[in-house]
Amino acid sequence: MSTRKARIGLVGLGVMGANLSLNIADNGFDIAVYNRSTDKVDDFVADAGALVDRVIGCKSPEELAASLQSPRAIILMVKAGEAVDKTIETLLPHLDEGDMIIDAGNADFNDTRRREADLSAKGFAFIGMGVSGGEEGARHGPSIMVGGPEGHYAVIQDVIEAIAADYQGTPCAAHLGPDGAGHFVKTVHNGIEYADMQLIAEVYGCLRDRMTPSEIGQVFADWNDGPLNGYLVEITAKVLGATDTGTDQPMVDVIVDAAGQKGTGRWTVIEALKLGQSPSTIEAAVAARSWSAQRDARAHAQDLFGAATMDTPPSLADLHDALLAARILAYGQGMTLLNAASDEFDWDLDLARVAEIWRAGCIIRSTLLDDIAAAFRGETPHGQLAFAPAFVTRLQDTVPALRRVVGAGTAAGVAMPALANALAWFDTMRHARGTANVIQAQRDFFGAHGFERLDRDGTGFHGDWPA
Ligand SMILES: NC(=O)c1ccc[n+]([C@@H]2O[C@H](COP(=O)([O-])OP(=O)(O)OC[C@H]3O[C@@H](n4cnc5c(N)ncnc54)[C@H](OP(=O)(O)O)[C@@H]3O)[C@@H](O)[C@H]2O)c1
């Protein structure tokens, strides 16, 4: 057993854990690592190269605990769910009061709240830390969303800020609130990621009947130099330009059109509904992924009803503006959801700060986030990004194109669920008088639920309905 004591520990040397460990070592901190399958510990140490002197490989939780400075701080980067609880169970017998466990996986924030309460009752500190940026981010600088007691975070803040992405000298890491705040923000980040990916895929769908994948890739590459600049547009240009070496076909043309989902998009929608929210672009993106998985049913439906193409496809300028409008609306819906959760759980989330730490390192990083941060530092009536003065102008400029694109798709029979649902939210919000008066009348008719009146104060009025 090593007599050296590392500043920080990490359990879970999968893709993310291994890269995050190297990032920590690279930033000058000694790190002790452990993995359930211990062969991964040997492999990690063997591959650590010049960083090997900063790494202590441990073959048991006991050895890990013995290799850490006090109070101990141990990052978990294991599969979300039961694996986290099991890992905590194996560690606790070897820890002392005041030691800290930091769950850096994609946890359900409800689990984070439970674990935080449970561990704090036992005298341990627990931090729920969302990490975005994939493998590359973990190695060279992710965006890090921290939740838990602020005093506990202070113990590891220097390490976390050192390994995080840097945006013009500011680390993309922040303590956002207590208990599950960090994991909730990460979940909503992923929900926005789902929406943005789906919006981009729908725009590709409008172009693929008239352009080759590499031509469409060039369109996205050009757009990446303007207001649509961001990681997802950038990588879309790259994936559309790639060729499958085996078949010499465009890579995207040999990929099955069924997208997977690990759960964070679905969690965003579930938690939104629990909070009385409906982020329509994120909901549409989650729905579109489930529909994409139903390939046999779609093939059957095509035989029954026929597929459609757009005879008069939207212009590139319209597609650009439609994507920009829908992206603004999608980010706005995510922010509104964060606001609702912050109120419900007393997190006091600083939405401008959230936007700031998403500006580098994470998957949804984009130029727009700078403007979003500025908007939330200023005036956002009703907490709505879309109502902030700078975004009112941008939406006035771009929504007409979104309407033309959705109109063309709908008229032709080409589905664009995320674009259409962004527009549906916008059009619903811009009508002060909606149509729920009829729903209230129906509810009162069949269930005597009662309604409020425009012309009188009070509740519980009933209609004079015919029998
Ligand atoms: N991949 C990404 O781009 C990404 C981005 C952000 C966040 N995340 C999150 O980061 C976490 C790790 O993801 P990953 O992609 O690095 O996963 P991964 O490569 O599949 O590695 C999973 C790790 O979890 C461990 N594990 C699984 N079940 C366990 C159990 N029952 N008890 C103890 N350890 C267990 C594995 O240990 P063994 O080697 O013993 O199986 C391995 O170290 C997840 O929560 C994921 O959602 C991933």
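Residues numbered from 1 in each chain as written. Predicted model: local features only at pLDDT ≥ 70, side-chain atom pairs only at ≥ 80, totals over all residues. Heavy atoms only, no water.

> Give a detailed account of the domain arrangement of the chain, specifying residues and quantitative values.
Often, the extent of an interface is quoted as the loss of accessible area on bringing the components together. Under the domain assignment, the chain is made up of domain 1 (8-179), domain 2 (187-429) and domain 3 (435-467). Taking the mean C-alpha position of each, domain 1 and domain 2 sit 31 Å from one another. Counting residues at the interface gives 27 residues for domain 1 and 23 residues for domain 2. Buried area between domain 1 and domain 2, both sides added, is near 1800 Å², and the carbon and sulfur share of it is 61%. Inspection of the region where domain 1 meets domain 2 yields 0 salt bridges. In this assembly, domain 1 and domain 2 are joined by 7 residue pairs in polar contact (both at pLDDT 80 or more). Secondary-structure elements contributing two or more residues to the side of domain 1 that touches domain 2 are helix 5 (109-121), helix 6 (134-140), strand 7 (143-147), strand 8 (166-167), strand 9 (170-171) and strand 10 (173-177). If one sorts the elements of the side of domain 1 that touches domain 2 by residue count, strand 10 sits on top with 4 residues. Residues of the side of domain 1 that touches domain 2, tallied by class, amount to 13 nonpolar, 10 polar and 4 charged. (Domains from an automatic or database assignment. Contact = heavy atoms within 4.5 Å. Buried area = accessible area lost by both parts, 1.4 Å probe. Salt bridge = Lys/Arg side-chain N within 4 Å of Asp/Glu carboxyl O. Polar contact = N/O pair within 3.5 Å; in protein donor to acceptor, adjacent residues only side chain to side chain. Helix = DSSP H or I, 4+ residues; strand = E, 2+ residues; numbered from the N terminus. Nonpolar A, V, L, I, M, F, W, Y, C, P; charged D, E, K, R; others polar.)

> Tell me what's going on with a nonpolar patch on the surface, and back it up with residues and numbers.
A contiguous nonpolar patch, built from Phe445, Phe446 and Trp465 and spanning about 370 Å² of accessible area, is present on the exposed surface. By the element assignment, Phe445 lies in helix 19 (residues 436-447). Phe445 sits in the partly exposed class, given a relative accessible area of 48%. (Patch = residues over 30% accessible without salt bridge, like charges linked within 9 Å, V, L, I, M, F, W, Y side chains within 5 Å. Areas by Shrake-Rupley, 256 points an atom, 1.4 Å probe, with all protein chains shown as cover. Buried < 20%, exposed > 50% of the residue type's maximum accessible area, 1.4 Å probe, protein only.)

> Give a detailed account of the site of the ligand, specifying residues and quantitative values.
In the vicinity of the ligand, 20 residues are found, and the nearest of them are Met16, Asn35, Arg36, Ser37 and Lys40. Within the side chain of Arg36, an N or O atom sits 2.8 Å from an oxygen atom of the ligand. Within the backbone of Asn106, a nitrogen or oxygen atom sits 3.0 Å from an oxygen atom of the ligand. Relative to its unbound accessible area of 900 Å², the ligand is 76% covered by the protein chains. Put simply, the parts of the chain that give the shell around the ligand at least two residues each are helix 1 (15-26) and helix 4 (82-91). A breakdown of the residues in the shell around the ligand according to their chemical character gives 8 nonpolar, 8 polar and 4 charged. (Near = heavy atom within 4 Å.)

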